[in-house]
Amino acid sequence: MTESLPETAVVRVGRASFEPGNYAEFEALIRKQADYLVPAIKELPGLLHWFTGVSPDGSTVQISVWDSEEHAKQMDDLKLMAVVARGEMEAIGGKFERPIINYPMTWTI
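Procedures and definitions
Residues numbered from 1 in each chain as written. Predicted model: local features only at pLDDT ≥ 70, side-chain atom pairs only at ≥ 80, totals over all residues. Heavy atoms only, no water. Helix = DSSP H or I, 4+ residues; strand = E, 2+ residues; numbered from the N terminus. Expected span 1.5 Å × (residues − 1). Bend = angle between axes of the 7 residues up to and from the residue. Buried < 20%, exposed > 50% of the residue type's maximum accessible area, 1.4 Å probe, protein only. Patch = residues over 30% accessible without salt bridge, like charges linked within 9 Å, V, L, I, M, F, W, Y side chains within 5 Å. Areas by Shrake-Rupley, 256 points an atom, 1.4 Å probe, with all protein chains shown as cover. Salt bridge = Lys/Arg side-chain N within 4 Å of Asp/Glu carboxyl O.

Draft legend 1. Highlighting helix 3 (residues 79-91). The terminal C-alpha atoms of helix 3, which comprises 13 residues, lie 17 Å apart, in line with the 18 Å expected from a rise of 1.5 Å per residue. Approximately 25° is the largest bend angle found in helix 3, and it occurs at A85. Within the span of helix 3, buried status applies to M81, A85 and M89. A positive phi of about 100° marks G93, the residue just after helix 3.

Draft legend 2. Inspection of a nonpolar patch on the surface at higher detail. A contiguous nonpolar patch, built from L80, V83 and V84 and spanning about 200 Å² of accessible area, is present on the exposed surface. Considering the arrangement of structural elements, one finds L80 in helix 3. Taking relative accessible area as the criterion, L80 reaches 31% and is therefore assigned partly exposed.

In structure tokens:
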């Protein structure tokens, strides 16, 4: 990243795990969830970047960059993420790691 980030920027990291044998099912679900999560998340103020990855080893991670802690915390109350998407993942064996952590940005490249 070469753009300048606000001094108040934070990185939000959430993780979940699943049985590696269920990789195809989890990967398909997470792709499907993007259809409703992307528009909802884009409406929130302060989002700078979003990354989601799914590993065949049995884990998934969501990393987002926000302009402030206050804006990052909006994700805690986004029903489509906290209730709907989480419920879908738990229904097929996903286990969420707590807590989701917001890290103040220290440096970037």
